[in-house]
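Structure assessment
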Amino acid sequence: MITYRNVHKAFDMPVLSGVDMEVETGEMFALFGPSGTGKSVLLKTTIALIVPDMGDVEVDGESVYRGGKHALEHVRRKVGYVFQNAALFDSFNVLDNVCMGIPEDRLADLSRREAAQRVWHALEIVNLDPREVLAKLPSELSGGMKKRVGIARAIVGRPDVLLWDEPTTGLDPVNTAAVERLIKRLSEELEVTSLLVTHDVQGGLAMCDRVAMLDGGVIRFCGTPSEFRASTDPVVRAFGDRAAAEAALDMVPETS
Ligand SMILES: Nc1ncnc2c1ncn2[C@@H]1O[C@H](COP(=O)(O)OP(=O)(O)OP(=O)(O)O)[C@@H](O)[C@H]1O
Ligand SMILES: [Mg+2]
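The notes below deal with the structure included here. (Residues numbered from 1 in each chain as written. Chains lettered and ligands numbered in written order. Predicted model: local features only at pLDDT ≥ 70, side-chain atom pairs only at ≥ 80, totals over all residues. Heavy atoms only, no water.)

Time to look at the pairing of strand β10 (residues 218–223). Inspection of the sheet shows strand β9 (residues 210–215) paired to β10 by five bridges, in the antiparallel sense. Note on β10: the bridge partner recorded for Asp215 is Val218. Hairpin connection of β9 to β10: two residues between the antiparallel strands, including Gly216 at a positive phi of 60°. (Pairing = 2+ DSSP bridges. Helix = DSSP H or I, 4+ residues; strand = E, 2+ residues; numbered from the N terminus.)

Listed below in structure tokens is the structure:
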């Protein structure tokens, strides 16, 4: 469903140096890696929010960079994106922010009321009370609420693919569990393909069909959770052990 081929990207320094990775249809796939290794940059190349210096990405058989404007439009319609920092529009209320997740051509076929009903439903799915939040501006919401509005915007267009960038960072345990259940449910019931970037290595291993680790600009590991746990690669082991130790310490999640 998603194929990254030899993706390169440098800013001041090289970030991605030839990433090859494939996510299969219907799969739940987690991407791990130390902070600053380019996980968010890689996710952004999927829909050309960041354009690679070299390489290509294919989504559902369409090339994002060689297929022209229409291919990119098709791909963007199929993909929901949960941004690491929620990325809401400050001057739009929640209704309008979530509405932006409905592709324009589909929005044109819906009445204002039908669009609002979709938004209502998406907010309920992420455990927010639409009555309470619809008319609010992002500045009137807590970090965790903003995060969930961002998730509602990603799912409201009923995408085939969901890209989740740290969807549970900064959420309390109740909402972390709810978001994890939601990712699972969307994958299992609606056959949505999920690519999940997460610091929660234990959660990712428990939940996903396959996992990968980005390190030094390349995919250092890709395989099943049991293969990850059994990996003899010292870099993978050190990363996995550190994550397990942090989980054991029950580290307080950072707030967003
Ligand atoms: N738009 C940009 N312009 C310049 N540099 C950027 C840009 N986006 C990312 N970078 C740089 O690319 C590197 C990788 O950033 P990225 O946000 O992908 O890391 P990450 O793996 O997602 O980290 P984290 O786990 O902390 O979210 C960083 O050094 C960052 O400063
Ligand atoms: Mg990131």
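Here the focus is unusual backbone geometry. One non-glycine residue, Asn6, adopts positive backbone phi at about 50°. Assignment of secondary structure puts Asn6 in strand β1 (residues 2–10). Assessed through its relative accessible area of 33%, Asn6 is described here as partly exposed. One non-glycine residue with positive phi stands out, namely Asn127, at about 75°. Among the structural elements, Asn127 can be located in the loop between α5 (112–125) and α6 (130–133). (Buried < 20%, exposed > 50% of the residue type's maximum accessible area, 1.4 Å probe, protein only.)

If you look at the biggest cluster of nonpolar residues, it comprises 48 residues, and the most contacted ones within it are Phe32, Val98, Val119, Leu123, Trp164, Val211 and Phe228. If we skip the residues at most four places from it in the chain, Leu123 touches Val94, Val98, Leu128, Pro130, Val133, Leu134 and Ala152. Core analysis: the next-biggest nonpolar cluster, separate from the first, contains 31 residues, Leu16, Val79, Leu163 and Leu214 among them. (Core = buried A, V, L, I, M, F, W, Y, C linked by side-chain atoms within 4.5 Å. Contact = heavy atoms within 4.5 Å.)

Let us now look at the coordination of the magnesium ion (ligand 2). Perfect tetrahedral coordination of a metal by four donors corresponds to 109.5 degrees between them, and perfect octahedral coordination by six donors corresponds to 90 or 180 degrees. The protein atoms that coordinate the magnesium ion (ligand 2) are Ser40 (OG) and Gln84 (OE1), at distances of 2.0 to 2.3 Å. Residue Ser40 is found in helix α1 (residues 39–45), and its partner Gln84 is found in the loop between β6 (79–82) and α3 (94–99); the two are separated by 44 residues along the sequence. For Gln84, a relative accessible area of 38% gives the class partly exposed. (Donors = N, O, S within 2.8 Å, 3.2 Å for Na, K, Ca; no water.)

A side chain of one charge can pair with a side chain of the opposite charge if their charged atoms are brought near each other. Throughout the structure, instances matching the rule amount to 11 salt bridges. A salt bridge links Arg5 to Glu58; the shortest N-O distance between them is 3.1 Å. Taken as a pair, Arg5 in strand β1 and Glu58 in strand β4 (residues 54–59) lie far apart in primary sequence, 53 residues in all. Across the salt bridge formed by Asp60 and Lys78, the nearest N and O atoms sit 3.2 Å from each other. Note that Asp60 is positioned in the loop between β4 and β5 (62–63) and Lys78 in helix α2 (residues 68–78), a separation of 18 residues in sequence. Linked through salt bridges whose partners overlap, the residues forming this network are Asp60, Glu62 and Lys78. (Salt bridge = Lys/Arg side-chain N within 4 Å of Asp/Glu carboxyl O.)

Neighbouring ligand 1 are Phe11, Val15, Pro34, Ser35, Gly36, Thr37, Gly38, Lys39, Ser40, Val41, Gln84 and His199. One of the backbone nitrogen or oxygen atoms of Thr37 is found 3.2 Å away from an oxygen atom of ligand 1. Contacts to ligand 1 include Val41, whose backbone N or O atom sits 2.9 Å from an oxygen atom. Protein chains shield 59% of the accessible area of ligand 1, which is 640 Å² for the free molecule. Considering every element that reaches the shell around ligand 1, the biggest residue donor is α1, with three residues. (Near = heavy atom within 4 Å. Polar contact = N/O pair within 3.5 Å; in protein donor to acceptor, adjacent residues only side chain to side chain. Areas by Shrake-Rupley, 256 points an atom, 1.4 Å probe, with all protein chains shown as cover.)

What follows concerns the side chain of Lys147. Within the element layout of this structure, Lys147 appears in helix α7 (residues 143–155). Buried and unpaired, Lys147 has no salt bridge, with Glu166 as the nearest side chain of opposite charge at 6.5 Å. Dropping the residues within four chain positions of it, Lys147 is found in contact with Gln84, Ala86, Glu166, Pro167, Thr169 and Leu171. (Lys, Arg positive; Asp, Glu negative; His and termini not counted.)

Okay, α7 next. With 13 residues, α7 extends 19 Å from end C-alpha to end C-alpha; this agrees with the ideal 18 Å at 1.5 Å per step. Within α7, 11 of the 13 residues are buried, leaving the element largely enclosed by the surrounding structure. Listed in full, the buried residues belonging to α7 are Gly144, Met145, Lys147, Arg148, Val149, Gly150, Ile151, Ala152, Arg153, Ala154 and Ile155. Contacts from the buried residues of α7 go to β6, α3, α5, α6, β7 (161–165) and α8 (173–189). (Expected span 1.5 Å × (residues − 1).)

What follows is about the packing of aromatic side chains. Applying the stated rule across the entire model yields five aromatic pairs. Centroid distance Tyr81 to Phe83: 4.2 Å. Interplanar angle 20°. Geometry classified as stacked. Tyr81 sits in the buried class, given a relative accessible area of 6%. An aromatic cluster is built from Phe32, Phe221, Phe228 and Phe239, whose rings are joined through pairwise contacts. (Phe/Tyr/Trp six-rings, centres within 6.5 Å; stacked < 30°, edge-to-face > 60°.)

Everything listed here is a matter of coordinates, which is why it stays silent on function.
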